[in-house]
Amino acid sequence: MTIRRTDITIIGAGIVGLSLAWHLQRLGVDRVVVLERGSAGGQSTGLAAGGIRRQFATRIEIEMTLAGWQFYEAVLSDPSFPGKFEPAGYVFLAGPQQAESLQRAWALQHELALPVRWLERSDLADLCPYCDLAGLSCGTLCADDGFIRPSEVVQWLLRECRSRGILIREHTPVDALEVSAGRIRAVRSGSARTFSDVVVNAAGAWAGVVGTMAGVNIPVEPSPRIKLIAEGNTGLPGETPMIVDLPSGTYLRSNRARTTVGVKPEKRVVSFRVEADVGLLLSMLRRASARFPGLRHAQVRGVIKGLYELTPDGLPLAGPVAGVAGLYVAAGFNGHGIMHGPGVTRALAQLIVTGSAEALDLERLHPDRFERRAAEERVSFL
């Protein structure tokens, strides 16, 4: 049996696990091991669109994006990074039922001095002439929001981490977490045992499964998601912003004449299995075509299948896990790992190393917040 000793072991080598390792090393932690069940960045990170936006309805979500942007500034300023950030813009479309919520979100964004523009219905006709405006009343636009390629970020992080002595072991699934006397002791993978005083569960959609190995509940559930790649006569320009149609739950972006189309599931599905039969694909295209009529003549050229990692309130978990000293979690990013992961992991690295998270207030993301609320409700009921 192979036995190694390290300061911190991270389970998961997506954007969350790799950015955490990078932040930890910059804070002076020399011995970091990252264990990945498959290829680094090969799960949800590698299938993501790479969107980075500030148009959110809550302060904490906006703050997570802003904290993450500091990481991307470091990436983009490195001459060795081959990629770039594309400010393609994000547009949100709302009908009468969503207008009030969208206006509250825009007011918060305006309060935080974000360059988000309010759009009246007449503005929508000028901005998106290829949209059917039936049932729409308003929208918002942030032209500075945009995209970065996740695969290029992952490769940059891999080079950076390995050059700094961080050990990243791919194709190394975790079989067990060893806990004794209420403290994490080791991580077992096959015939190898890694002893660490600190273990971070950054396993994405599998975070709940990893939690059970330590006898704790991590409220993260896998949810299958599908995106279509459409080409041909779509009735769309070669480049568009990311357009999110709130009434129908569809979104679309054209980039280099390839159109990515997504549709929010009508009901919450929890499964590791991602299915994409012909009937489902045609149904998605029909729903999207109601807002983007040109898609009725489009041809489906590809399908992207992956997993979201859902939490009960739509916010990630970041912090120490109650009941097991030394065990932390950074997971449940609800499809926003690229934009929110690096900022959250910067704060988590600070918390682990110094005891204080300066980059972001992690209290709102505390892993046991649901149990706390339940306890508070029971007390108030009495």
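Going by the structure above, here's the rest.
Keep in mind that what you see is a predicted model, and the values were worked out from it rather than measured.

Visitor: Please clarify how the packing of aromatic side chains should be interpreted in this entry.
Guide: Given two aromatic rings, one states the distance between the centres and the angle between the planes to describe the pair. Evaluation of the coordinates by the stated rule reveals nine aromatic pairs. Look at Trp69 and Tyr72: their rings are 6.4 Å apart centre to centre, the planes differ by 40°, and that puts the pair in the tilted class. Of this pair, Trp69 and Tyr72 both sit in helix 3 (residues 59-76), three residues apart, which is roughly one turn of the helix. Through successive ring pairs, a cluster of aromatic residues spans Trp22, Trp69, Phe71, Tyr72, Phe85 and Trp156. Over the aromatic face of Trp206 sits the side chain of Arg37, whose NZ or CZ is 4.4 Å from the ring centroid.

Visitor: Mind showing me how you'd approach the pairing of strand 12 (residues 192-195) here?
Guide: Along any regular strand, the residues point their side chains to alternate faces of the sheet. On strand 12, burial follows the alternation: Ala192 and Thr194 on one face are buried, whereas Arg193 and Phe195 on the facing-out side are not. Where strand 1 (residues 2-5) meets strand 12, four bridges bridge the pair, whose relative direction is parallel. The partner of Arg5 across the bridge, within strand 12, is Phe195. Of the strand pairs in this sheet, strand 11 (residues 183-189) and strand 12 are connected by four bridges, and their pairing is antiparallel. Across the sheet, Ser189 pairs through a bridge with Ala192, a residue of strand 12. In this antiparallel pair of consecutive strands, strand 11 and strand 12, the connection spans two residues, and Gly190 shows a positive phi of 60°.

Visitor: Any chance you could explain the nonpolar core here in plain terms?
Guide: Nonpolar side chains in soluble globular proteins tend to end up buried together. Within the largest apolar cluster, 56 residues are counted, with the highest numbers of intra-cluster contacts made by Ile10, Val200, Leu360 and Leu365. Of all elements in the fold, only strand 2 (8-11), helix 1 (15-26), strand 3 (32-35), helix 3, helix 6 (150-163), strand 13 (198-201), strand 20 (327-331) and helix 9 (337-354) reach the threshold of two or more residues within this core. When neighbours within four sequence positions are excluded, Leu360 is seen to be in contact with Ile60, Glu63, Met64, Ala67, Val344, Ala347 and Leu365. Grouped together as the second largest cluster of nonpolar side chains are 51 residues, Val174, Ala207, Val261 and Val324 included.

Visitor: Looking at this model, I keep getting lost on the pattern of salt bridges. Mind explaining?
Guide: Where charged atoms from two side chains of opposite charge come close, those side chains can pair. As enumerated under the stated definition, the model contains 20 salt bridges in all. As a salt-bridge pair, Glu231 and Arg301 come within 3.7 Å of each other at their nearest N and O atoms. Of the two residues, Glu231 is situated in strand 14 (residues 221-232) and Arg301 in strand 18 (residues 298-310); the sequence distance between them amounts to 70 residues. Residue Asp245 is joined to Arg291 by a salt bridge in which the shortest nitrogen-to-oxygen separation is 3.0 Å. With Asp245 in strand 15 (residues 242-245) and Arg291 in helix 8 (residues 278-291), the pair connects residues that are 46 residues apart, well separated along the chain. Three or more residues joined by partner-sharing salt bridges are found here, namely Glu86, Arg253 and Arg256.

Visitor: Would you explain the packing of helix 3 against helix 9 in this entry?
Guide: A pair of packed helices is characterised by two quantities: the angle between their axes and the separation of those axes. Contact pair helix 3 / helix 9: the axes reach a minimum separation of 7 Å and the direction vectors enclose 80°. Classified by the angle between their axes, helix 3 and helix 9 sit roughly perpendicular to one another. Of helix 9, the residues touching helix 3 (which contributes Glu61, Met64, Thr65, Ala67, Gly68, Gln70, Phe71 and Tyr72) are Ile338, Met339, His340, Pro342, Gly343, Val344 and Arg346. Class assignment of the residues belonging to the contact of helix 3 with helix 9 gives a composition of eight nonpolar, five polar and two charged.

Visitor: Please clarify how helix 8 should be interpreted in this entry.
Guide: At 3.6 residues per turn, the α-helix brings residues three or four places apart onto the same side. If you check helix 8, its first and last C-alpha atoms are 21 Å apart, about what 14 residues at 1.5 Å a residue would give, namely 20 Å. Taken as a whole, helix 8 has its buried residues at Leu281, Met284, Leu285, Ala288, Ser289 and Arg291. Viewed along the axis of helix 8, the buried residues span an arc of 145°, placing them on a single side of the element. In this structure, the buried residues of helix 8 make contact with strand 5 (90-94), strand 14, strand 15, strand 16 (250-255), strand 17 (258-263) and strand 18. The backbone nitrogen of Gly279 has a side-chain oxygen 3.1 Å away, supplied by the residue at the start of helix 8, namely Asp277.

Visitor: Would you take a moment to explain the sheet that holds strand 9 (residues 167-169) for this structure?
Guide: Neighbouring strands of a sheet are bound in pairs by backbone hydrogen bonds; such pairs are parallel or else antiparallel. Read across the open sheet, the six strands follow the order 9-3-2-13-20-19; overall the sheet is mixed. At either end of the open sheet lies a strand with only one pairing partner, and these are strand 9 and strand 19 (317-320). Along the sheet, successive strands turn relative to each other by an average axial angle of 15°, direction set aside. When strand 19 meets strand 20, the two strands line up antiparallel, connected through four bridges. The residue bridging Ala318 from the neighbouring strand is Ala330, located in strand 20.

Visitor: Explanation requested: the sheet that holds strand 11 in the structure shown.
Guide: Ordered by their spatial adjacency, four strands build an open sheet running 1-12-11-10, and the pairing between neighbours is mixed. Each of the sheet's edge strands pairs with one partner strand only, and the pair in question is strand 1 and strand 10 (176-180). If you compare each strand with its neighbour and ignore which way they point, the axes differ by 20° on average.

Visitor: Just checking my understanding: could you explain the environment of Val344 for this structure?
Guide: Looking at where Val344 falls in the secondary structure, it is placed in helix 9. Each C-alpha atom, one on Val344 and one on Leu20, is 8.6 Å from the other, the two residues being 324 residues apart in sequence.

Parameters and conventions
- Residues numbered from 1 in each chain as written.
- Predicted model: local features only at pLDDT ≥ 70, side-chain atom pairs only at ≥ 80, totals over all residues.
- Heavy atoms only, no water.
- Phe/Tyr/Trp six-rings, centres within 6.5 Å; stacked < 30°, edge-to-face > 60°.
- Helix = DSSP H or I, 4+ residues; strand = E, 2+ residues; numbered from the N terminus.
- Lys NZ or Arg CZ within 6 Å of the ring centre and 35° of its normal.
- Buried < 20%, exposed > 50% of the residue type's maximum accessible area, 1.4 Å probe, protein only.
- Pairing = 2+ DSSP bridges.
- Core = buried A, V, L, I, M, F, W, Y, C linked by side-chain atoms within 4.5 Å.
- Contact = heavy atoms within 4.5 Å.
- Salt bridge = Lys/Arg side-chain N within 4 Å of Asp/Glu carboxyl O.
- Axes fitted to C-alpha atoms, helices over the stretch in contact; angles between N-to-C directions.
- Parallel < 35°, antiparallel > 145°, perpendicular 65-115°, else oblique.
- Nonpolar A, V, L, I, M, F, W, Y, C, P; charged D, E, K, R; others polar.
- Expected span 1.5 Å × (residues − 1).
- Arc of directions from axis to C-beta.
- Polar contact = N/O pair within 3.5 Å; in protein donor to acceptor, adjacent residues only side chain to side chain.

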